[in-house]
Amino acid sequence: MTTPLAHFDITDDPQRIIAQINADGGVIVENFISDDLRRQLLSELSAHAERTEAGSDGGVVKQSFCGARTKRFTGLARRSPAFVNVIDHDLLHAWAKAGFQTDYWINTGQAIFIGPGEPGQYLHRDVGNWPIVHSLGKDGPEAILSIMLALDDFTEENGATRVVPGSHRWDDFNVEADAAETVGAVMPAGSALMYTGKTIHGGGANTTTDQWRFGVHFSFTLGQLTPEEAHTVTVPWEIAKDFPERVQHMLGYHSHRTFLPDWPILWTYDYRNVRDSLSPAPSGDYEPAGGKMLAPMGVSS
């Protein structure tokens, strides 16, 4: 019998939460956001969802993965001022600093509204976006850390995300999971499923006839990896200039460190920090805090 996901509250010790994610591959954190923030997010994103058609263009595989009765869209920091609070969530950054080996940034923020009659999504690992990392399996570096944020109650009937606990520690990442190995991330509105990109999961089937499941996928990825979403395009600087500096960094308006804390070497402009090229210039003197720097090849740490 598959073990249910552990539940925590946002007031619990972050290190306990992170330790449980490392052990099981995912946990549920209730009260992840306040009800006021949840309502604001739901209002702002629902307004855009009303203008978005269900389904996706592209090939058969993409259409099947995205769902014919599911609405998806990104650029959330542009479409929802409240979403900036999710990007700047302290628990997410504590988790990222503990899990990643170097700088990190946003992979994507994606509204996912699953409609009535949508079948279950194909079970997958998010790290599969980067096959070279996926091929390293359980011993590879942490490449992506994700949440599924519930903007309304997630139930077995309306499509709560399915998770395979412990799959992040499987010896062979090419082995596919069986639906019987999954558990539902059933959780009240305002909660978040926090899971590593190595964990097998997928959107659940919405077996209702009249309920939409409103959720947001949000994830961080290593600074050395290309994210799913081109944030400097979806959220231009004219909007991002008013965000907190940590949020600007997450959106790509700051270069990435790899092995020297004072030398951003990736995502640069004229081999200098990309922030130096922005107009109007950023208001503060921001530098990323914490994190671990790796030694370059041939240099001992």
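Everything here concerns the structure above.
We now turn to the structure provided with this report. Predicted, not measured: the structure shown is a model, and the values here were computed from it.

### Thoughts on the overall build of the chain
Check the secondary structure of the chain and you find 10 helices and 12 strands. Computed over C-alpha atoms, the radius of gyration of the chain comes to 19 Å, within 12% of the 19 Å expected from 2.2 N^0.38 for 301 residues, which places it in the range of a compact globule. Along the longest, intermediate and shortest principal axes, the C-alpha atoms of the chain span 55 × 45 × 45 Å. Sequence-distant contacts in the chain: of pairs separated by 6 or more residues, those separated by 24 or more amount to 77%. Of the roughly 13,900 Å² of accessible surface on the chain, 51% is carried by carbon and sulfur atoms. A gap of 2 Å separates the mean positions of the 23 positive and 38 negative side-chain charges of the chain.

### A closer look at the environment of Phe 73
Looking at the element boundaries, Phe 73 is found in strand 3 (residues 70-73). Phe 73 sits in the buried class, given a relative accessible area of 7%. When the C-alpha positions of Phe 73 and His 168 are compared, they lie 27 Å apart, and in sequence the two are 95 residues distant. The contacts of Phe 73, once residues within four sequence positions are left out, are Leu 45, His 48, Ala 49, Thr 52, Arg 79, Gly 109, Gln 110 and Ala 111.

### Some words on the sheet that holds strand 5 (residues 144-150)
Within the open sheet, the seven strands sit side by side as 1-2-8-5-10-4-3. Their pairing is mixed. Looking at strand neighbours, the two that pair on one side only are strand 1 (7-9) and strand 3, the edges of this open sheet. Shown here is a sheet whose adjacent strand axes are inclined to one another by a mean of 25 degrees, direction ignored.

### Some remarks on the pairing of strand 2 (residues 26-30)
Both faces of the sheet carry side chains from a regular strand, because those side chains alternate between them. Counting buried positions along strand 2 yields four of five residues, so the element is predominantly enclosed. As paired elements, strand 1 and strand 2 share three bridges and run parallel to each other. Within the sheet, the bridge partner assigned to Phe 8 lies in strand 2 and is Val 29. Note that the unit made of strand 1, helix 1 (residues 14-24) and strand 2 has a crossover that is right-handed. Taken together, the four bridges between strand 2 and strand 8 (residues 192-196) define a ladder with antiparallel strand orientation. The partner of Val 27 across the bridge, within strand 8, is Met 194.

### Focus on the environment of Pro 81
For Pro 81, the position within the fold is in the loop between helix 4 (76-79) and helix 5 (84-87). As a C-alpha pair, Pro 81 and Leu 45 span 36 residues in sequence and 10.0 Å in three-dimensional space.

### Things to note about the packing of helix 1 against helix 6 (residues 90-99)
For any two helices packed against each other, the geometry comes down to the angle between their axes and how far apart the axes lie. Their axes nearest at 10 Å, the elements helix 1 and helix 6 cross at an angle of 55 degrees. Comparing the axis directions of helix 1 and helix 6 gives the class oblique. In terms of crossing hand, the pair formed by helix 1 and helix 6 is right-handed. Packed against helix 1, whose contacting residues are Pro 14, Ile 17, Ile 18 and Ile 21, the element helix 6 presents Leu 91, Ala 94, Trp 95 and Ala 98 at the interface. Here the contact of helix 1 with helix 6 is built from residues that sort into eight nonpolar, no polar and no charged.

### As for the pattern of salt bridges
By the definition in use, this model includes nine salt bridges. Among the salt bridges present, the one from Lys 138 reaches Asp 171, with a minimum N-O distance of 2.5 Å. Taken as a pair, Lys 138 in the loop between helix 7 (131-134) and strand 5 and Asp 171 in the loop between strand 6 (162-163) and strand 7 (183-184) lie far apart in primary sequence, 33 residues in all.

### A look at the environment of Gly 215
Take Gly 215: it is sitting in strand 10 (residues 213-222). A sequence separation of 64 residues divides Gly 215 from Leu 151, and the C-alpha atoms of the two residues are 5.3 Å apart. Apart from the residues lying within four places of it in its own chain, the contact partners of Gly 215 are Gln 110, Ala 111, Ile 112, Phe 113, Met 148, Leu 149, Leu 151 and Phe 154.

### Notes on unusual backbone geometry
The linkage connecting Ser 279 with the following residue, Pro 280, adopts the cis geometry, with an omega of 0 degrees. Structurally, Pro 280 is set in the segment after strand 12 (272-273). Of note in the backbone geometry, Asn 31 takes a positive phi value of approximately 55 degrees without being a glycine. In the Ramachandran plot, Trp 267 falls in the positive-phi region, its phi being about 65 degrees despite a non-glycine side chain. Along the chain, Trp 267 falls in the loop between helix 10 (245-250) and strand 11 (268-269). A residue is classified by how much of its surface remains accessible, and Trp 267, at 40% relative accessible area, is partly exposed.

Rules behind the numbers
Residues numbered from 1 in each chain as written. Predicted model: local features only at pLDDT ≥ 70, side-chain atom pairs only at ≥ 80, totals over all residues. Heavy atoms only, no water. Helix = DSSP H or I, 4+ residues; strand = E, 2+ residues; numbered from the N terminus. Rg over C-alpha atoms; globule rule 2.2 N^0.38 Å. Contact = heavy atoms within 4.5 Å. Areas by Shrake-Rupley, 256 points an atom, 1.4 Å probe, with all protein chains shown as cover. Lys, Arg positive; Asp, Glu negative; His and termini not counted. Charge placed at Lys NZ, Arg CZ, Asp CG, Glu CD. Buried < 20%, exposed > 50% of the residue type's maximum accessible area, 1.4 Å probe, protein only. Pairing = 2+ DSSP bridges. Axes fitted to C-alpha atoms, helices over the stretch in contact; angles between N-to-C directions. Right-handed = clockwise from strand over helix to strand, strands pointing away. Parallel < 35°, antiparallel > 145°, perpendicular 65-115°, else oblique. Left-handed = near helix turned anticlockwise from the far one by under 90°. Nonpolar A, V, L, I, M, F, W, Y, C, P; charged D, E, K, R; others polar. Salt bridge = Lys/Arg side-chain N within 4 Å of Asp/Glu carboxyl O.

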